[in-house]
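Reading the structure
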Amino acid sequence: MFLLLAPTSWLMKKDSRRRMNPESLEHPVLALVNADGELQLLQLNDKILHNTNSSVIGDDRLGLSLDWSNAKYHNSEPSIVTSDSKGMVSTFQVSNERSLSQISQWTAHEFEAWISAFDYWQPNVIYSGGDDCRLKGWDIRKPCHAPTFVSKSHSMGVCSIHSNRWRENIIATGSYDENILLWDTRQMKSPLSKTSVGGGVWRLKWHPSNGQFLLAACMHNGFFILDCSSINGEPQRVISSYDRHESLAYGVDWCHKSNISNYRHDSSLLTNKDTITTKPENLEKPISEIDDLEMKLSGVELRESKACWEGSNQVIASCSFYDHVLHVWKAPDK
């Protein structure tokens, strides 16, 4: 399921960042931070998103990123971390009743704090990246008066961070400097590898069920999949790319459906040459009314034809910035 397929127009008209709670399967819960400096929780019921709660991050600021703490370990009352345009990082607690309470807030960066992310293996550890070209670590078990480390390995603003839920101590970071760095969190003085992708790395996503593959949205240069099975100091191998968006490559994620092969249809399989596209006018409709989109999504099937991809989810959703277009596509077998 791609919860980026928002059925309400305001969700895309507001500048916002969205992440789904990894544990909310029956009635998915989505967290959103927007250009009004507000954190919102939305729940999907009957294919309609309902606003269940909200909290103001702060006045006169844009919400720039968020992450959930429970991507690896079960937690019925997870935390959310956010970052904003004033360089602040904030943490919130989500109760069983879907209420939000702010736990802490501190100045993490001199300029915009583009990204904040949990270490999924150690949810008490948070990483942040800012327009000051700094990557920082924080231990939220104590007041965050000073970071646990500061890295200047990126030469421009740090705008993406993602912890690998399948490989302990491995995180990926991306920057406007067009480089993806892989790190061992036990030694943050220098990265394990550096891969140039020819565009500012706005979003990074590790594969949800395989810690070897890394998906990247690279602004002016499209989308890439990197094979990170071997991290030995050399650039990671690019195994697939996608460049059919006509605007800035901005958001991207894997399909998290555990058994997408159950979604069979008489139509032909979605291949790398086929793209499902929804434009802003479709956002006025509930998902159920976007007939062409639903029909094609039900036809997606994953083949297990190559050892490299065996058992993995290959369906990907990507979106572009200025034209508000979402594509759903299938990476080729390798």
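Refer to the preceding data block for the structure.
An account of the accompanying structure is given in this report. From a predicted model like this one, the values you see are computed outputs, not experimental measurements.

By size, the foremost hydrophobic cluster in this structure holds 14 residues, and its most contacted members are Ile 180, Leu 182, Leu 204, Trp 206 and Leu 214. Only strand S14 (170-175), strand S15 (179-184), strand S17 (203-206), strand S18 (213-217) and strand S19 (223-227) provide two or more residues apiece to this core. Apart from the residues lying within four places of it in its own chain, the contact partners of Ile 180 are Thr 173, Ser 193, Lys 194, Thr 195, Val 197, Val 201, Leu 204, Leu 214, Ala 216 and Leu 226. In terms of nonpolar packing, the next biggest core, distinct from the first, is built from 13 residues, Leu 215, Ala 217, Tyr 242 and Ala 331 among them.

Strands sit in the order S17-S18-S19-S20 across an open sheet of four strands; the sheet is antiparallel. With partners counted over all chains shown, the strands left at the sheet margins are S17 and strand S20 (237-242), one partner each. The mean inter-strand angle of the sheet, taken between neighbouring strand axes irrespective of direction, is 20 degrees.

Moving on: the sheet that holds strand S12 (residues 149-151). In spatial order, the strands read S9-S10-S11-S12; together these four strands make up an open sheet with antiparallel pairing. In this open sheet, the two strands that pair with only one neighbour each are strand S9 (115-119) and S12. Looking at each pair of strands side by side, their axes are set apart by 20 degrees on average, direction ignored. Summarising the sheet, S9 and strand S10 (residues 122-129) pair through five bridges and their orientation is antiparallel.

Structurally, Asp 253 is set in strand S21 (residues 249-254). The side chain of Asp 253 sits in the buried core without any salt bridge; Lys 205 is the nearest counter-charge, 4.2 Å away. Side chain to side chain, Asp 253 and His 256 meet in a polar contact 3.4 Å long.

Going through the model one piece at a time under the given rule, you end up with 10 aromatic pairs. Consider the rings of Tyr 127 and Phe 149, whose centres lie 6.2 Å apart with planes at 50 degrees: the pair is tilted. On the criterion of sequence distance, the pair formed by Tyr 127 in strand S10 and Phe 149 in strand S12 is long-range, its members being 22 residues apart. Accessibility assignment for this pair places Tyr 127 and Phe 149 in one class, buried. Judged by centre distance (4.8 Å) and plane angle (85 degrees), the rings of Phe 321 and Tyr 322 are edge-to-face. What makes Phe 321 partly exposed here is its relative accessible area of 28%. Take Tyr 322: its relative accessible area is 63%, and that puts it in the exposed class.

What follows concerns the environment of Gly 157. Within the element layout of this structure, Gly 157 appears in the loop between S12 and strand S13 (158-163). A residue is classified by how much of its surface remains accessible, and Gly 157, at 4% relative accessible area, is buried. Once the C-alpha coordinates of Gly 157 and Gly 130 are considered, the two residues, 27 residues apart in sequence, prove to be 5.6 Å apart. Apart from residues lying up to four places away in sequence, Gly 157 is in contact with Gly 130, Asp 131, Cys 133, Gly 174, Ser 175 and Tyr 176.

How each quantity is defined
- Residues numbered from 1 in each chain as written.
- Predicted model: local features only at pLDDT ≥ 70, side-chain atom pairs only at ≥ 80, totals over all residues.
- Heavy atoms only, no water.
- Core = buried A, V, L, I, M, F, W, Y, C linked by side-chain atoms within 4.5 Å.
- Buried < 20%, exposed > 50% of the residue type's maximum accessible area, 1.4 Å probe, protein only.
- Helix = DSSP H or I, 4+ residues; strand = E, 2+ residues; numbered from the N terminus.
- Contact = heavy atoms within 4.5 Å.
- Pairing = 2+ DSSP bridges.
- Axes fitted to C-alpha atoms, helices over the stretch in contact; angles between N-to-C directions.
- Lys, Arg positive; Asp, Glu negative; His and termini not counted.
- Salt bridge = Lys/Arg side-chain N within 4 Å of Asp/Glu carboxyl O.
- Polar contact = N/O pair within 3.5 Å; in protein donor to acceptor, adjacent residues only side chain to side chain.
- Phe/Tyr/Trp six-rings, centres within 6.5 Å; stacked < 30°, edge-to-face > 60°.

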